[in-house]
Amino acid sequence: MNDRIVPPLTRDGRNTGAAPVTYGHGERPPRGDYARARPDYTCSQDWAAYSRADHALYARLYARQIGQLKDRASDAFVASLAALDAAQTIPHLDEVSEKLYRATRWQLVAVPGLIPEEAFFNLLAERKFPVTEWLRREDEFDYVVEPDIFHDFFGHVPLLFDPVFADYMQAYGLGGRKATSLTSCEYLARLYWYTVEFGLIQSDRGLRIYGAGILSSATETRYSLVDPAPHRVAFDLERIMRSRYRIDAFQETYFVIDSFEQLFEATAPDFAPLYERLRDLPEIPANALLPGERTYSPNPLA
Ligand SMILES: [Fe+2]
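Below or above, wherever it landed, is the structure these notes cover.

Cut-offs applied
- Residues numbered from 1 in each chain as written.
- Predicted model: local features only at pLDDT ≥ 70, side-chain atom pairs only at ≥ 80, totals over all residues.
- Heavy atoms only, no water.
- Helix = DSSP H or I, 4+ residues; strand = E, 2+ residues; numbered from the N terminus.
- Rg over C-alpha atoms; globule rule 2.2 N^0.38 Å.
- Buried < 20%, exposed > 50% of the residue type's maximum accessible area, 1.4 Å probe, protein only.
- Contact = heavy atoms within 4.5 Å.
- Areas by Shrake-Rupley, 256 points an atom, 1.4 Å probe, with all protein chains shown as cover.
- Lys, Arg positive; Asp, Glu negative; His and termini not counted.
- Charge placed at Lys NZ, Arg CZ, Asp CG, Glu CD.
- Axes fitted to C-alpha atoms, helices over the stretch in contact; angles between N-to-C directions.
- Parallel < 35°, antiparallel > 145°, perpendicular 65-115°, else oblique.
- Left-handed = near helix turned anticlockwise from the far one by under 90°.
- Nonpolar A, V, L, I, M, F, W, Y, C, P; charged D, E, K, R; others polar.
- Expected span 1.5 Å × (residues − 1).
- Polar contact = N/O pair within 3.5 Å; in protein donor to acceptor, adjacent residues only side chain to side chain.
- Salt bridge = Lys/Arg side-chain N within 4 Å of Asp/Glu carboxyl O.

**Notes on the overall build of the protein**
For the protein, the helix and strand inventory stands at twelve helices and six strands. Relative to the globule expectation of 19 Å for 302 residues, the C-alpha radius of gyration of the protein, 18 Å, shows essentially globular dimensions. Expressed as lengths along the three principal axes of its C-alpha atoms, the size of the protein is roughly 55 × 45 × 40 Å. A buried classification covers 55% of the 302 residues belonging to the protein. Relative to all contacts within the protein whose residues are 6 or more apart in sequence, the contacts with residues 24 or more apart total 70%. Total accessible area on the protein stands at roughly 13000 Å², and carbon and sulfur atoms take up 53% of it. Taking the average location of the 33 positive side-chain charges in the protein and that of its 43 negative ones, the two points are 2 Å from each other.

Here it is as structure tokens:
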């Protein structure tokens, strides 16, 4: 997403430094009004502050993206997004949060923008998903460096209505709480990146997208599924945790799950012994394919 965000320090474009929040290598502050944030970095969404132009921009982003997703997004994502009826204006997070709580006991909380890793893990562990309150500017229509409300809401919220995926997200947060070193945070960052942000899922009609980073991208939706260039490798927790990733270009490798159950089950064991084992193994470059790996063909050109 941004060449100044370098693993292992961040995941999901979110800052991992201790408070006060610093951005990337600290050369500029994150966007957002942190003065309004509570100690846990949440804030109330100032919905009245969005302008008509903001709502119109959001609606155009939504319309463009929904046009990209037919036969590309996972069934669970498509069904949940449609039920949200959030195409026309920037959503009221409290209203969606109530629906979400009834569905999976998750809630949405507004945040000013990038938040520290520890705060992020804590919120996920409490089944609270942080949604950035600001929307990108018009001149960022095609690309925004930091996650905005369009990415966070459109890309992430629909799958929180899926019970198994919702449990996976909480398990991830709980795993983050237990991560005690920068190295283990890096392994977790890679897991988040290659699943929650850039994951693909197998279906009986070919590969489908469930990763928010792809689902909210105007161009990676098609690339991730049909371009012959990237590798599409069967999900393997240890392999993912060893794999570096691209933050400034399309992914060179995607990992494909069979089901959200597979994701959730992978996070069930204590990661501590795995971290120990990984410390003795070399990293895997983002573009590497290992001997004997199970790969998937791209979807036929549609
Ligand atoms: Fe994201």
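**Let's talk about the packing of helix H4 (residues 117-125) against helix H7 (residues 182-197)**
Orientation of H4 relative to H7, taken along the N-to-C sense of each, is 60 degrees, at an axis distance of 13 Å. Here H4 lies oblique to H7, going by the angle between them. Handedness of the H4/H7 crossing: left-handed. Mapping the contact onto sequence places Glu117, Phe120, Phe121 and Leu124 in H4 and Cys185, Leu188 and Tyr192 in H7. Taken together, the residues that form the contact of H4 with H7 break down as six nonpolar, no polar and one charged.

**Overview of helix H6 (residues 163-178)**
Three- or four-residue spacings in an α-helix give side chains the same orientation, since the helix completes a turn every 3.6 residues. Compared with the 22 Å implied by 1.5 Å per residue over 16 residues, the 23 Å span of H6 between its first and last C-alpha is a close match. Residues of H6 that are buried make contact with helix H3 (93-104), H4, strand E2 (128-132), H7 and helix H11 (260-266). Two or three places before Val164, at the opening of H6, Asp162 has a side-chain oxygen 3.1 Å from that residue's backbone nitrogen.

**Here we look at the pattern of salt bridges**
Counting across every chain of the model gives 21 salt bridges. Put simply, Asp75 and Arg205 hold a salt bridge, and the shortest N to O gap is 2.6 Å. On the criterion of sequence distance, the pair formed by Asp75 in helix H2 (residues 75-84) and Arg205 in the loop between strand E3 (200-203) and strand E4 (206-209) is long-range, its members being 130 residues apart. On the basis of relative accessibility, which here comes to 48%, the residue Asp75 falls in the partly exposed class. Using a relative accessible area of 45% as the deciding quantity, one classes Arg205 as partly exposed. When the shortest N-O distance is used, the salt bridge between Arg244 and Glu283 registers 3.2 Å. With a gap of 39 residues between them, Arg244 in the loop between helix H10 (237-242) and strand E6 (253-257) and Glu283 in the segment after helix H12 (272-278) connect regions that are remote in the sequence. Judged by relative accessible area, which is 36%, Arg244 ranks as partly exposed. For Glu283, a relative accessible area of 42% corresponds to the partly exposed category. Connected through salt bridges with shared partners, the residues Arg31, Arg137, Asp139 and Glu140 form a single ionic network.

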